[in-house]
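Architecture at a glance
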Amino acid sequence: LQRVHPNVLAKALKQGTVYQNEEIVVINKPYGLPVHGGPGIKNCITDVLPILAKMLENMKAEPLHLCHRLDKETTGVMVLARNKEVAERIRLLFKTRQVEKIYWAISLGDPDPTEGIVEIPIVEKEVKSHQSHYKMTLAPNYRLSPEDGKVVKIRKNRNAESAVTRYRLLASSSACSLLELQPITGVKHQIRVHLAYGLGCPILGDHKYSHWSKLAPQKLPEITLKRLKLEQSKARHLPLHLHAYRLSLPLGERIDLVCKPPLFFQKTLKKLELDV
């Protein structure tokens, strides 16, 4: 979708519409499509909002407005507003944490315990390696003292944002898990960081957060490679398996919006025998 004509992209988004009323349009965001433009980005959602509005409203519509964002690699429920006022209202709902968000992710390994809440602050740090880069990482409030193994409170990192994620195991097989996740806060890359560094279960296809010190393709267990019919050398082509499955919006009444995971996600579930 990065290389198609904007009209083709708008048409694809229109076909992926899951709900609309006079205030909002809800799309199922495709994989690998950035929300905002930037250097080297040919197509993004923001650019085609005027075209999409016209396609939905037969020619005389004002552009749709973004209400929140999803990472380029994340798929699923995305809410667009038909006018500025509604957009502001929905942005405020997100900001004040009144929107209930449920994600699905396929992760490597099983979280222990199988359900719980990860509440560890997150901060952005530079990774000094042969190619320096920035990553979000955990900034815990406590650590174990190396001398006597006691729990010690750490001085707070001023730049760290508090981050809370609820998680629950839905299925596990082939050294992987299907997890249901509810981010209570909205920190950048929060789910990916909490799963990889907090629970030790990085998301399948998350090549950024599978290692701390380097940017390298994710290393997959033998059984996972076998089930996916994949060579380890091709693992770097695996897409990130993170999907915004459900959004619950309190607009007057509560609107429940659900998006089926994309085809590649469904196929992976089948191959790994992760039965929901």
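Residues numbered from 1 in each chain as written. Predicted model: local features only at pLDDT ≥ 70, side-chain atom pairs only at ≥ 80, totals over all residues. Heavy atoms only, no water.

Looking up the chain in an unreviewed UniProt entry gives the name Pseudouridylate synthase RPUSD4, mitochondrial, with the organism given as Charadrius vociferus. The chain has a UniProt comment under Sequence similarities (unreviewed entry) that states "Belongs to the pseudouridine synthase RluA family." If you open the UniProt record of the chain and go to Subcellular location (unreviewed entry), you find "Mitochondrion". (UniProt positions renumbered as here; feature names shortened; annotations may be inferred.)

**What to know about the domain arrangement of the chain**
Partitioning the chain into structural domains gives domain 1 (1-96) and domain 2 (106-237). Put simply, the middle of domain 1 and the middle of domain 2, counted by C-alpha atoms, are 29 Å apart. (Domains from an automatic or database assignment.)

**Comments concerning the side chain of H65**
Topologically, H65 is positioned in strand β3 (residues 65-66). Here H65 is in contact with L49, V79, L80, A81, R82, N83, K84, A87 and R91, once residues within four sequence places are set aside. (Helix = DSSP H or I, 4+ residues; strand = E, 2+ residues; numbered from the N terminus. Contact = heavy atoms within 4.5 Å.)

**Thoughts on the layout of surface pockets**
In this model, the largest pocket occupies a volume close to 1100 Å³. As for the largest pocket, its lining consists of 38 residues, of which R69, D71, G186, V187 and K188 are closest to the centre. Broken down by secondary-structure element, the contributors of at least two residues to the lining of the largest pocket are α3 (84-95), β5 (100-108), β12 (176-183), α4 (190-198) and β13 (242-251). Two domains share the lining of the largest pocket, each providing at least three of its residues, namely domain 1 (1-96) and domain 2 (106-237). Estimated volume of the second largest pocket: approximately 170 Å³. The wall of the second largest pocket is formed by Y31, G32, K72, E73, R192, G205, D206, H207, K208, L238, P239 and L240. Tallied by class, the residues present in the lining of the second largest pocket amount to four nonpolar, three polar and five charged. A domain-level breakdown of the lining of the second largest pocket finds at least three residues from each of domain 1 (1-96) and domain 2 (106-237). (1 Å grid on protein atoms, 1.4 Å probe; cavity = no way out; pocket = protein on both sides within 12 Å on 5 of 7 lines; lining within 4 Å. Points joined across faces, edges and corners; volume = space filled by probe spheres on them. Nonpolar A, V, L, I, M, F, W, Y, C, P; charged D, E, K, R; others polar.)

**Overview of α3**
With 12 residues, α3 extends 16 Å from end C-alpha to end C-alpha; this agrees with the ideal 16 Å at 1.5 Å per step. When we look at burial in α3, the residues that qualify are V86, A87, I90, L93 and F94. Angularly, the buried residues of α3 cover 120° about the axis, an arc narrow enough to put them on a single face. Exposed and oriented more than 90 degrees from the buried face of α3 are K84, E85, L92 and K95. Turning to α3, the residues buried within the fold contact β2 (24-29), β3, β4 (75-81), β5 and β13. (Expected span 1.5 Å × (residues − 1). Buried < 20%, exposed > 50% of the residue type's maximum accessible area, 1.4 Å probe, protein only. Arc of directions from axis to C-beta.)

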